[in-house]
Every structure is written in C-alpha cells, then in structure tokens.
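Structural characterization, general
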Amino acid sequence: LLLLFVLSLFLAKTNSLIFLLLVMELFFYLFAFMGFLMSLIKIRIMMFSLPYFFVISNAAIAMGLIKFFRKQHSVIWESTQR
C-alpha cells in the first residue's frame, strides 16, 4: 500500500486518471483513519471500519513478512493464560 501511494504521488502529475486514483486513495486512507478514531470510542460504521481493517491487515502482513525474512518469527505455538 505504501509503495502504491508513493508511486501515485509521482505519477499524478503525468495523467489525470492517475490523479483521480490518487484522490480516491487519499479518501480511502482518510476513511481508514476515521475508522481508527471510531474504534477508540467503540463505534463501528462499516464505511469506516472496513478500510481500517484492510489497512491494519496489510500492515500486519508486512510486519509478519519482515519478521520472517529476519528469522525472528516463532514456530512454536504459545498458549495464552486463562
């Protein structure tokens, strides 16, 4: 997602369609941020919580890949205390 955003910033000056996609992407991130703020006060509106979930899921996948490539991942299941 971050790479897509950076590329959109650079290419937005060259094509009006890419500029429109950049504006739509900015609104998507704004909705994700609103979803984050609403999650803090325990309000769920699908229009905001779905982009927030998508961004958080992609961030978790990226963090997992980084840990995997750095060999910092745990392959042993650790149960939680109940």
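Residues numbered from 1 in each chain as written. Predicted model: local features only at pLDDT ≥ 70, side-chain atom pairs only at ≥ 80, totals over all residues. Heavy atoms only, no water.

Regarding the environment of Val 55
Relative to the elements of secondary structure, Val 55 occurs in helix α3 (residues 46-69). Each C-alpha atom, one on Val 55 and one on Ala 32, is 7.0 Å from the other, the two residues being 23 residues apart in sequence. Setting aside its immediate chain neighbours within four residues, Val 55 contacts Leu 1, Phe 28, Tyr 29 and Ala 32. (Helix = DSSP H or I, 4+ residues; strand = E, 2+ residues; numbered from the N terminus. Contact = heavy atoms within 4.5 Å.)

Comments concerning the packing of aromatic side chains
Following the criterion strictly, the structure yields six aromatic pairs and no others. Taking 5.8 Å as the distance between ring centres and 70° as the angle between the ring planes, the aromatic pair formed by Phe 28 and Tyr 29 counts as edge-to-face. By relative accessible area, which is 26% here, Phe 28 ends up partly exposed. Through a chain of ring-to-ring contacts, the aromatic side chains of Phe 28, Tyr 29 and Phe 54 assemble into a single cluster. (Phe/Tyr/Trp six-rings, centres within 6.5 Å; stacked < 30°, edge-to-face > 60°. Buried < 20%, exposed > 50% of the residue type's maximum accessible area, 1.4 Å probe, protein only.)

Some details on the confidence of the model for the chain
In this model, the chain carries a mean pLDDT of 86, and residues with pLDDT of at least 70 account for 96%. For the chain, helix α1 (residues 2-11) is the element with the lowest average pLDDT, namely 80, and helix α2 (residues 16-40) is the one with the highest, namely 91. (pLDDT = per-residue confidence, 0-100.)

Focus: the side chain of Glu 25
For Glu 25, the position within the fold is in helix α2. Buried charged residue Glu 25 carries no salt bridge. Nearest counter-charge: Lys 13, at 15 Å. (Lys, Arg positive; Asp, Glu negative; His and termini not counted. Salt bridge = Lys/Arg side-chain N within 4 Å of Asp/Glu carboxyl O.)

Digging into the side chain of Ser 8
By secondary structure assignment, the location of Ser 8 is in helix α1. When neighbours within four sequence positions are excluded, Ser 8 is seen to be in contact with Ile 18, Leu 22 and Glu 25.

What about the packing of α2 against α3?
What describes two packed helices is the angle between their axes and the distance between those same axes. Their axes nearest at 7 Å, the elements α2 and α3 cross at an angle of 100°. Considering the angle they form, α2 stands roughly perpendicular to α3. For the pair α2 and α3, contact is made by Phe 28, Tyr 29, Phe 31, Ala 32, Met 34, Gly 35, Phe 36, Met 38 and Ser 39 and by Met 47, Phe 48, Ser 49, Pro 51, Tyr 52, Phe 54 and Val 55, respectively. Classifying every residue of the contact of α2 with α3 by side-chain character gives 13 nonpolar, three polar and no charged. (Axes fitted to C-alpha atoms, helices over the stretch in contact; angles between N-to-C directions. Parallel < 35°, antiparallel > 145°, perpendicular 65-115°, else oblique. Nonpolar A, V, L, I, M, F, W, Y, C, P; charged D, E, K, R; others polar.)

A closer look at the environment of Ser 8
Taking the relative accessible area as the measure of exposure, Ser 8 reaches 9% and is therefore buried. C-alpha of Ser 8 to C-alpha of Arg 44: the two residues are 36 residues apart in sequence and 30 Å apart in space. Side chain to side chain, Ser 8 and Glu 25 meet in a polar contact 3.2 Å long. (Polar contact = N/O pair within 3.5 Å; in protein donor to acceptor, adjacent residues only side chain to side chain.)

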